[in-house]
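# Residue-level structural notes
In case you want the letters, here they are:
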Amino acid sequence: MLLETDALPLVDMAFMNEVHQEEVHRINALFEMLLAYESEPTEENALKMDALFEAWYTHTLSHFEGEEVKMRESGFPPYAMHKAEHDRVVGEIRTLMEAWKETREPKPLKIYLIEILPRWLLTHIETMDTVTARFLKRGISPCGI
Ligand SMILES: [Fe+2]
Ligand SMILES: [Fe+2]
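Residues numbered from 1 in each chain as written. Chains lettered and ligands numbered in written order. Predicted model: local features only at pLDDT ≥ 70, side-chain atom pairs only at ≥ 80, totals over all residues. Heavy atoms only, no water.

## Regarding the coordination of the iron ion (ligand 1)
As a benchmark, a tetrahedral metal site with four donors has ideal angles of 109.5 degrees, while an octahedral site with six donors has ideal angles of 90 or 180 degrees. Inclusion rule: Sites may look incomplete because water is not among the atoms; the donors themselves are N, O and S atoms within 2.8 Å of the metal, or within 3.2 Å for Na, K and Ca. Between 85 and 135 degrees for all angles marks four donors as tetrahedral; over 155 degrees for opposite donors together with 65 to 115 for all other angles marks four donors as square planar and six as octahedral; every other arrangement is irregular. What counts as a helix is a DSSP run of H or I of at least four residues, what counts as a strand is a run of E of at least two, and both are numbered from the N terminus. Burial status follows relative accessibility: with a 1.4 Å probe on protein chains alone, a residue under 20% of its type maximum counts as buried, one over 50% as exposed, and anything between as partly exposed.
In this structure, His20 (NE2), His63 (NE2), Glu67 (OE) and Asp129 (OD) serve as the protein donors to the iron ion (ligand 1), at separations of 1.9 to 2.2 Å. With four donor atoms in place around the iron ion (ligand 1) and angles of 83 to 158° between them, the coordination shape is irregular. If you list the donors of the iron ion (ligand 1) from N- to C-terminus, the spacing comes out as H-x42-H-x3-E-x61-D. The distance between the iron ion (ligand 1) and the iron ion (ligand 2) comes to 3.5 Å, and Glu67 binds to both of them. With His63 and Glu67 both in helix 2 (residues 43-74) and four residues apart, the pair spans about one turn of that helix. For the residue pair His63 and Glu67, the accessibility class agrees, reading buried in each case.

## Section: the environment of Asp50
Under the convention used in this document: Residues count as neighbours in contact if any of their non-hydrogen atoms are within 4.5 Å of one another.
Along the chain, Asp50 falls in helix 2. Asp50 has contacts with Trp100, Lys101 and Arg104, leaving out every residue within four places of it along the chain.

## Concerning the coordination of the iron ion (ligand 2)
The protein atoms donating to the iron ion (ligand 2) are Glu67 (OE), His82 (NE2), His86 (NE2), His124 (NE2) and Asp129 (OD), with metal-donor distances spanning 2.2 Å. Counting along the primary sequence, the residues that act as donors to the iron ion (ligand 2) give the motif E-x14-H-x3-H-x37-H-x4-D.

## With respect to the packing of aromatic side chains
Put simply, the test is: Only the six-membered ring of Trp is used, alongside the rings of Phe and Tyr, when aromatic pairs are assigned; centres must lie within 6.5 Å, and planes under 30 degrees apart are stacked while those over 60 apart are edge-to-face, with the rest tilted. Should the NZ of a Lys or the CZ of an Arg lie within 6 Å of a ring centre and within 35 degrees of the ring normal, that charge is described as sitting over the ring.
Scanning the model with the defined rule gives four aromatic pairs in all. Ring centres of Phe53 and Trp56 lie 6.0 Å apart, and the angle between their planes is 25°; on these two criteria the pair is classed as stacked. With Phe53 and Trp56 both in helix 2 and three residues apart, this pair spans about one turn of that helix. Looking at Phe53, the relative accessible area reads 0%, which means it is buried. We note Lys70 situated over the ring of Phe15; from NZ or CZ to the ring centre the distance is 5.7 Å.

## Some points on the nonpolar core
Formally: Buried residues of nine kinds, namely Ala, Val, Leu, Ile, Met, Phe, Trp, Tyr and Cys, make up a nonpolar core once their side-chain atoms join them within 4.5 Å.
If you look at the biggest cluster of nonpolar residues, it comprises 33 residues, and the most contacted ones within it are Met49, Phe53, Trp56, Leu109, Leu113 and Leu121. Of all the secondary structure elements, the ones that give two or more residues to this core are helix 1 (14-39), helix 2, helix 3 (79-103) and helix 4 (107-138). Per element, the largest residue contribution to this core is nine residues, and it comes from helix 4. Contact partners of Met49, with chain neighbours within four places excluded, come to Leu30, Met33, Leu34, Tyr37, Trp100 and Leu109.

This is how it looks when you write it as structure tokens:
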């Protein structure tokens, strides 16, 4: 298992905590499949990777979109900053997925999943998501606006 759901920081909005748990489940499922593909790089396993990759990507889009809708509805002042970070990560994942489908080379994804994504996810939840959830719950803005 790459990420433990217990290790996820909790924020002040239940819908965000739920979507973060689901995010971790999908990342772990893709990582397990990647390890299986590495030891047995068959077409069947490649197709399973495709399906789990697509499922994770789609879930990430709805995870981010769900937060963005709430931020827009509530007039969250640093919306643009939070959205830009989501867009950047969606771009990274899409690039990795396209490269995977073209090359069937698992290494770039493996490096991303081990070295970059978990640290990013934890930091993002601890910072931008925490501040956003606090604002959604209590109307407290990080910049006092
Ligand atoms: Fe989030
Ligand atoms: Fe976020």
